[in-house]
Each structure stands twice: as structure tokens, then as C-alpha cells.
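One-letter residues, chain by chain:
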Amino acid sequence: MRRPFVAANWKMHKTVAESVTYAHAVVPLVEAITDVDIVVAPPFLALPAMADALADSRIKVASQNVHAASHGAFTGEVSLEMLQGSGVTVVIIGHSERRQLFGETDAGVNAKTRATVGAGLTSIVCVGETLEEREANRTFDILDRQVRDGLAGLSPEQVATQVVAYEPVWAIGTGRNATPDQANEAHRHIRQQLVSQFGDSAAACRVIYGGSVKPGNVAELVGQSEVDGALVGGASLDPTSFSEIVAGSRSTAI
Ligand code: 13P
């Protein structure tokens, strides 16, 4: 049994004040939903205020990135210790925007993932193919490589408690979500890769879908047998819309 996991990735949106307003609005909207893991990832600056505002709720606070090193001369970067000190328990790693716009590699994703999991936090490792790769029938090869290299070095027990986000690049911010069949097929493939790499216990790793998730399509997507939740960008910026997505993820077949 895999518990649904729904995360809001705000990307570069909202000031600290706007973040706190959102936190106060969203808590009562999801209060009654006790069977879904709920996570919000604001920009770095808003993390301490969000952790404070959400302290009495079940909503966890995530960062959108981290540096793999514990400290040092890395101008502009943020360490795990700093994040933990600000109430962060979940870290998004290797989002396609970071891979495409900021040059992140599978090796870099792996270093961040190992550091994050080693520190006892939960990683959301993002994988996904571009449209060009899908059209060239390379989707499964890309997913295999990103999962294999991104999670290398973790123990089977660690993998079982992590989250992998399948985010096809062509579905992010485009309004064009993967069909439920496309998502389920990719998720099944990712889970097979995890099991072949780490053994049967890795099947417990939750694989969530991201890419144009909305209140109107979440139930069908998360209703697929291999889809364990959602990573939501644009539609997570409004507390009502995000709460509807959390509620919609409960009608899951898992
Ligand atoms: P959208 O929901 O805006 O398509 O973004 C998806 C995403 O990148 C979440 O990490």
C-alpha cells in the first residue's frame, strides 16, 4: 500500500508575506484530509516563515533545491544543515528546469540525493523525457538512466522511503498533461527499474506525476495503479486549487 503524496512546487513565485498568507489559507482547506502526505515547496527565502506557519499542521515544507556539500565557498548556495535548521524535511532534486536551465547533471543529482537521504530528509528526485526524446522512442532509456544514476548508492531501505517524480518535460507548464495511460506506463517502467536496481522492497518508493496537473485531471491520473500522487506547479499557487488537487488524489486505486 503506497500512501498518496502530493507536493506543491511554487518555483520562483510568492514573497514571504504572500507565502504566509497562503499557509494560513490552505491549512483549514486540507485539515480533514488525513490520508495524503502533503508538501509545499516555496522559494528558499520563505522556508522559515512557512515552517512556522505550518508547524501545527500536517503539511511538510520542502526546498526546491540544495547543495550537496555541508558548507564551504559556494556563493549563492544553501546546505542541508541550513534547510534542516529552517524546518525543511523534504527536498526536490533534479527538476527539469534545473537540468535544462542550470546545467544539472545526473551526477550532480546523485550527489544531492545521497546527501539529502543521508541526512535523514526525504528526496523527491525528478526524472522525465523531452518531447524530442519521446518522439525518438527514447523515453524508457532516458528514465532508466536518470533513475539509475540519480539514485545510485542508496540502500534498498532508503529507496523505499523516497519519492521519484515523473515529469515529462513536454507536459510542464504547457497545459498538456500526459494521458493517464502514458503516465501509468512510464511509472510502471520507473518502478521496474527501481526493483531491478534495488530489489523488491524498492517497489514501495512512491512515484508521483508532474506536468499540468489540475483539479480537473488529478483523480484520473492518480487513479492509475502506478501513480502515487502529484507534483504540481502552476495549479498549486492558489490554495483552493491546491486543496482540490490534494482531495482529488484520494480517489486512488492504490
Ligand atoms: P505545472 O504543473 O505548472 O505544469 O508544473 C509542473 C512542475 O514542474 C512541478 O514541478
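The following refers to the structure shown. Being a predicted model, the structure only gives us computed values, none of them experimental.

What counts, and at which threshold
- Residues numbered from 1 in each chain as written.
- Predicted model: local features only at pLDDT ≥ 70, side-chain atom pairs only at ≥ 80, totals over all residues.
- Heavy atoms only, no water.
- Helix = DSSP H or I, 4+ residues; strand = E, 2+ residues; numbered from the N terminus.
- Rg over C-alpha atoms; globule rule 2.2 N^0.38 Å.
- Buried < 20%, exposed > 50% of the residue type's maximum accessible area, 1.4 Å probe, protein only.
- Contact = heavy atoms within 4.5 Å.
- Areas by Shrake-Rupley, 256 points an atom, 1.4 Å probe, with all protein chains shown as cover.
- Polar contact = N/O pair within 3.5 Å; in protein donor to acceptor, adjacent residues only side chain to side chain.
- Salt bridge = Lys/Arg side-chain N within 4 Å of Asp/Glu carboxyl O.
- Pairing = 2+ DSSP bridges.
- Axes fitted to C-alpha atoms, helices over the stretch in contact; angles between N-to-C directions.
- Near = heavy atom within 4 Å.
- Nonpolar A, V, L, I, M, F, W, Y, C, P; charged D, E, K, R; others polar.
- Phe/Tyr/Trp six-rings, centres within 6.5 Å; stacked < 30°, edge-to-face > 60°.

Description of the overall build of the chain
Right, so step 1: The secondary structure content of the chain amounts to eleven helices and eight strands.
Right, so step 2: The C-alpha atoms of the chain give 17 Å as radius of gyration, which agrees with the globular expectation for 254 residues (18 Å, within 12%).
Right, so step 3: Expressed along its principal axes, the backbone C-alpha trace of the chain runs to roughly 45 × 45 × 35 Å.
Right, so step 4: Buried residues in the chain amount to 53% of all 254 residues.
Right, so step 5: In the chain, the share of contacts with a sequence separation of at least 24, taken over all contacts with a separation of at least 6, comes to 73%.
Right, so step 6: Surface accessibility of the chain: about 10700 Å² in total, with carbon and sulfur atoms responsible for 53%.

Some thoughts on the side chain of Lys 112
Right, so step 1: Structurally, Lys 112 is set in helix H5 (residues 106–118).
Right, so step 2: There is a polar contact of 2.6 Å between the side chain of Lys 112 and the side chain of Glu 104.
Right, so step 3: Leave out the neighbours within four places in its chain, and Lys 112 touches Asn 65, Val 66, Ala 68, Ile 93 and Glu 104.

Brief notes about the pattern of salt bridges
Right, so step 1: By the definition in use, this model includes 13 salt bridges.
Right, so step 2: As a salt-bridge pair, Arg 99 and Asp 106 come within 2.8 Å of each other at their nearest N and O atoms. Of the two residues examined, Arg 99 and Asp 106, each falls in the buried class.
Right, so step 3: Among the ionic pairs, Asp 149 bridges to Arg 148, the shortest N-O distance being 3.3 Å.

What about the environment of Ala 17?
Right, so step 1: Take Ala 17: it is sitting in helix H1 (residues 16–30).
Right, so step 2: Residues Ala 17 and Ala 46 lie 29 residues apart in sequence; the distance between their C-alpha atoms is 8.2 Å.

Side note on the sheet that holds strand E6 (residues 163–166)
Right, so step 1: Here eight strands make up a closed barrel; going around it, the order is E1-E2-E3-E4-E5-E6-E7-E8 and the pairing parallel. Between one strand and the next, the sheet's axes are offset by a mean angle of 25 degrees, whatever the strand orientation.
Right, so step 2: Summarising the sheet, strand E1 (residues 5–9) and strand E2 (residues 37–41) pair through five bridges and their orientation is parallel. Paired with Ala 8 across the bridge in E2 is Val 40.
Right, so step 3: Here helix H9 (residues 180–198) sits on the sheet in contact with strand E5 (122–127), E6 and strand E7 (206–210), set at roughly 145 degrees to E7.

A few points about the environment of Ser 249
Right, so step 1: Counting through the fold element by element, Ser 249 comes out in the segment after helix H11 (239–248).
Right, so step 2: Using a relative accessible area of 0% as the deciding quantity, one classes Ser 249 as buried.
Right, so step 3: Here the alpha-carbon distance between Ser 249 and Asp 52, two residues 197 residues apart in the chain, equals 26 Å.
Right, so step 4: Setting aside residues up to four positions removed in sequence, Ser 249 forms contacts with Pro 4, Val 6, Val 36, Val 218 and Val 222.
Right, so step 5: At 2.7 Å, the side chain of Ser 249 forms a polar contact with the backbone oxygen of Val 246.

Considering the side chain of Gln 193
Right, so step 1: Note on placement: Gln 193 falls in helix H9.
Right, so step 2: The exposure class assigned to Gln 193 is buried, which follows from its relative accessible area of 13%.
Right, so step 3: Sequence-distant contacts of Gln 193, defined by excluding residues within four places in its chain, comprise Asp 144, Val 147 and Arg 148.

Thoughts on the site of the ligand
Right, so step 1: Around the ligand sit Asn 9, Lys 11, His 95, Glu 167, Ala 171, Ile 172, Gly 173, Gly 211, Ser 212, Leu 231, Gly 233 and Gly 234, and those are all the residues in its vicinity.
Right, so step 2: Contact distances for the ligand include 3.0 Å between an oxygen atom and a side-chain N or O atom of Asn 9.
Right, so step 3: Between the ligand and the protein, one listed contact pairs an oxygen atom with a backbone N or O atom of Ser 212 at 2.8 Å.
Right, so step 4: For the ligand, whose free accessible area comes to 300 Å², the fraction covered by protein is 94%.
Right, so step 5: Residues belonging to the shell around the ligand are distributed by class as follows: three nonpolar, seven polar and two charged.

Describing the packing of aromatic side chains
Right, so step 1: One pass over the structure, following the stated rule, counts two aromatic pairs.
Right, so step 2: Plain terms: the ring middles of Trp 10 and Tyr 22 are 4.6 Å apart, the flat faces sit at 70 degrees to each other, and that makes the pair edge-to-face. Taken together, the positions of Trp 10 in the loop between E1 and H1 and Tyr 22 in helix H1 put the pair twelve residues apart, joining distant regions of the chain. Like Tyr 22, Trp 10 is buried.

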